[in-house]
Amino acid sequence: MSTYEGFSAEERAAMKDHATEMKKAARRSTKADKAAEALKDVLEKIAEMPDDDRALGERVHALVTAAAPSLAPKLWYGQPAYALDGKIVCFFQGRAKFKTRYATLGFSEDAKLDEGPMWATAFALTEMTPEVEDRITALVKRAAG
């Protein structure tokens, strides 16, 4: 029988990132300032990622912003995310963040991906191919629907 040992160091760091993001957003004055600073934060976070994650993150960012310009980039638990009316619709999580085997493109419950009684809300990303790009584009368009 295992005992609960609390949050991992990576989970604690993600929660700390989220608290910092919320404080920064609250200090920004106008809606335009908030949007510009949020985009800058996302691009800086992607630039800080290790090479493999950065390449995927840059491409995901380009695909999401092209496919659904209504989605606003912002950080969410220290990772790039995209929101509609302030609610996260999708996010990219580099594999280095939680020391996982692969990067993830995830969708929240606010994404319009419902498909019968069961559907995927997260996808493993190991490389960017034309087929993967097409799938991401279609999912993001549908999610932002």
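Everything below is about the structure shown above.
Residues numbered from 1 in each chain as written. Predicted model: local features only at pLDDT ≥ 70, side-chain atom pairs only at ≥ 80, totals over all residues. Heavy atoms only, no water.

Enquirer: Which parts of the structure should I look at to understand the sheet that holds strand 3 (residues 87-93)?
Expert: In any sheet, the strands associate via hydrogen bonds between backbone groups, in a parallel or an antiparallel arrangement. One open sheet holds the five strands; their spatial order is 1-2-3-4-5, and the pairing between them is antiparallel. Strand pairing shows two members of the sheet lacking a second neighbour, strand 1 (72-76) and strand 5 (122-125), which therefore form its edges. Each strand of the sheet is rotated relative to its neighbour by a mean of 25 degrees, with strand direction disregarded. With four bridges connecting them, strand 2 (residues 79-84) and strand 3 associate as antiparallel partners. Bridging across to strand 3, Ala-83 finds its partner in Ile-88. Against the sheet, helix 2 (residues 31-48) contacts strand 1 and strand 2, and its axis sits at roughly 60 degrees relative to strand 1. Strand contacts of helix 3 (residues 51-67): strand 1, strand 2, strand 3, strand 4 (103-107) and strand 5, with the helix running at about 150 degrees to strand 3, the strand carrying the most contacts. (Pairing = 2+ DSSP bridges. Helix = DSSP H or I, 4+ residues; strand = E, 2+ residues; numbered from the N terminus. Axes fitted to C-alpha atoms, helices over the stretch in contact; angles between N-to-C directions. Contact = heavy atoms within 4.5 Å.)

Enquirer: Can you walk me through the nonpolar core in this structure?
Expert: Proteins that are soluble and globular tend to have nonpolar side chains buried together. Counting 27 residues, the largest nonpolar core has Leu-71, Phe-107, Leu-125 and Val-140 as the members making the most contacts within it. Listing elements by their share of this core, those giving two or more residues are helix 2, helix 3, strand 3, strand 4, strand 5 and helix 4 (130-144). Ignoring anything within four residues of it in the chain, the contact list for Leu-71 reads Val-64, Tyr-82, Ala-83, Leu-84, Val-89, Cys-90, Val-140 and Ala-144. (Core = buried A, V, L, I, M, F, W, Y, C linked by side-chain atoms within 4.5 Å. Buried < 20%, exposed > 50% of the residue type's maximum accessible area, 1.4 Å probe, protein only.)

Enquirer: What's the story with the packing of aromatic side chains in this structure? I'm lost.
Expert: What characterises a pair of aromatic rings is the spacing of the ring centres plus the angle enclosed by the ring planes. A complete count under the given rule lists three aromatic pairs for this structure. An aromatic cluster is built from Trp-76, Tyr-77 and Phe-91, whose rings are joined through pairwise contacts. (Phe/Tyr/Trp six-rings, centres within 6.5 Å; stacked < 30°, edge-to-face > 60°.)

Enquirer: I'm lost on the pattern of salt bridges in this one. Help?
Expert: Side chains that differ in charge, positive against negative, can pair when their charged atoms come close. In total, this model carries seven salt bridges according to the counting rule given. Here Lys-45 and Glu-48 are joined by a salt bridge, their closest N and O atoms 3.6 Å apart. Residue Lys-45 and its partner Glu-48 are both found in helix 2; the two are separated by three residues, about one turn of the helix. Across the salt bridge formed by Arg-59 and Glu-133, the nearest N and O atoms sit 2.7 Å from each other. You can see Arg-59 sitting in helix 3 and its partner Glu-133 sitting in helix 4, a full 74 residues away along the chain. The class of Arg-59 is partly exposed, set by a relative accessible area of 32%. (Salt bridge = Lys/Arg side-chain N within 4 Å of Asp/Glu carboxyl O.)

Enquirer: Even after reading the chapter, I still don't get a nonpolar patch on the surface, so can you show me in this structure?
Expert: Residues Tyr-4, Phe-7, Met-15 and Tyr-77 make up a contiguous nonpolar surface patch of about 450 Å² in total accessible area. Residue placement: Tyr-4 occurs in the segment before helix 1 (9-27). The exposed category is assigned to Tyr-4, whose relative accessible area is 67%. (Patch = residues over 30% accessible without salt bridge, like charges linked within 9 Å, V, L, I, M, F, W, Y side chains within 5 Å. Areas by Shrake-Rupley, 256 points an atom, 1.4 Å probe, with all protein chains shown as cover.)

Enquirer: How should helix 2 be read in this particular structure?
Expert: The α-helix winds at 3.6 residues per turn, so residues separated by three or four positions along the chain end up facing the same way. Between the first and last C-alpha of helix 2 there are 26 Å, a value that for 18 residues agrees with the 26 Å anticipated at 1.5 Å per step. Restricting attention to buried positions, one finds in helix 2 the residues Ala-38, Asp-41, Val-42 and Ile-46. Across the axial projection of helix 2, the buried residues extend over an arc of 130 degrees, all falling on one side. Facing away from the buried side of helix 2 by over 90 degrees, the exposed positions are Ala-32 and Glu-48. (Expected span 1.5 Å × (residues − 1). Arc of directions from axis to C-beta.)

Enquirer: How should unusual backbone geometry be read in this particular structure?
Expert: Working note: non-glycine residues mostly have negative phi, and peptide bonds are mostly trans. At Asp-85, a residue that is not glycine, the phi angle is positive and equals roughly 55 degrees. In this fold, Asp-85 is placed in the loop between strand 2 and strand 3. Residue classification places Asp-85 among the exposed positions, given a relative accessible area of 75%. Within the chain, Lys-99 stands out as a residue other than glycine whose phi angle is a positive 55 degrees.

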